[in-house]
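# Coordinate analysis (summary)
Letter by letter, the chains look like this.
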Amino acid sequence: MTNTVRNKRAKLLRAKSCLTRLPIKPLPSYPLTFTFIDVGVQDWMPPLPGGRIVYLIVGGGGGGGGSHDNGAAGGGGGGQVRIGFFDLDKCLTTPLQITVGDGGAGGASSPESSGSSGEDSMIVVSPSSTITAYGGSGGYYSRYVQSGAGGAKATDSAGGAGGVGGSFSRGGGGGGGSSGNGGNGSSGVAGVGGAGTVSDLTGLTYGIGGNGGINYTNITPSAADSNTGNGGGGSSSGSSTNRPGAKGGSGIVILRYYV
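Being a predicted model, the structure only gives us computed values, none of them experimental.

### Observations concerning the nonpolar core
For soluble globular proteins, the rule of thumb is that nonpolar side chains tend to be buried together. In this structure, W44, I53, Y55, F86, I123, V253 and L255 are the most contacted members of the largest nonpolar core, which totals 19 residues. At the level of secondary structure, the elements contributing two or more residues to this core comprise β3 (52-58), β6 (96-100), β7 (121-126), β8 (129-133) and β12 (252-258). Setting aside residues up to four positions removed in sequence, I123 forms contacts with Y55, I57, L96, Q97, I98, S129, T130, I131, V253 and L255. Formed by seven residues, the second largest nonpolar core is a distinct cluster that contains L56, V58, Y206 and I254.

Here it is as structure tokens:
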């Protein structure tokens, strides 16, 4: 048997093996959108061989810092937002692995502590290809540094940074967002969390930094909304009180599938 004949037979066998996954039922309308909101790891297999995936991946937001005795804590950093696309192998035999990262816990009230970082969200496309959106860092507790500086925005290798505490002299810094730096706190004024990123897939904004706390004020912030990647707010303490920071919002993964 000549090499040419062997090559033709090999190509035919590969093509037939790929076609075994074609569905028997009528095809739905495309594109299809798959949304993953549950924290943790799960598998996903495309409904047809090949196609293109447009994705949105958002890391978990960092938790806000805790505060002590007239202090103001920093807000948690927003999760990184990744937007892009990739083409699927027509002979894909193993599912893609999807991970949705949880938001970081808020800092404790007594003794006061910084918030925890949010978890990373990711898509494992193949053993050699992983797309990761990093979680935001936690906001600092009220007496950490005490400058009230805002956190830096997310970079290619990290989510938004947490804001710095302002202690009793100023408000806490806002956490850095996925696309904007957090604002600095000043006397009686909280630093505002940095700007997030708008997704074309949903029209919603993700990865907003958490606001800092306000000195000489009693405020226990609410947890950031789930599946936003927003940072948790830093807490605000009045005289002789301690308050915890807010939990950051969990991340999200959205896949839009084109054939």
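### Re the pairing of β7
Here three bridges tie β6 to β7, and the two strands are oriented antiparallel to one another. What sits directly across from Q97, in β7, is V124. The pairing of β7 with β8 spans five bridges and is antiparallel. Across the sheet, the residue bridging to S126 is S129, located in β8. Adjacent in sequence and paired antiparallel, β7 and β8 are bridged by two residues.

### Describing the side chain of S237
With respect to the helices, strands and loops of the structure, S237 is situated in the loop between β10 (205-206) and β11 (242-243). On the basis of relative accessibility, which here comes to 0%, the residue S237 falls in the buried class. A distance of 3.4 Å separates the side chain of S237 from the backbone nitrogen of R243, its partner in a polar contact. Not counting residues up to four positions away in its chain, the partners in contact with S237 are S67, H68, D69, N70, G71, I214, Y216, T217, N218, N242 and R243.

Conventions we followed
- Residues numbered from 1 in each chain as written.
- Predicted model: local features only at pLDDT ≥ 70, side-chain atom pairs only at ≥ 80, totals over all residues.
- Heavy atoms only, no water.
- Core = buried A, V, L, I, M, F, W, Y, C linked by side-chain atoms within 4.5 Å.
- Buried < 20%, exposed > 50% of the residue type's maximum accessible area, 1.4 Å probe, protein only.
- Helix = DSSP H or I, 4+ residues; strand = E, 2+ residues; numbered from the N terminus.
- Contact = heavy atoms within 4.5 Å.
- Pairing = 2+ DSSP bridges.
- Polar contact = N/O pair within 3.5 Å; in protein donor to acceptor, adjacent residues only side chain to side chain.

Bear in mind that shape data such as this cannot, by itself, settle questions of function.
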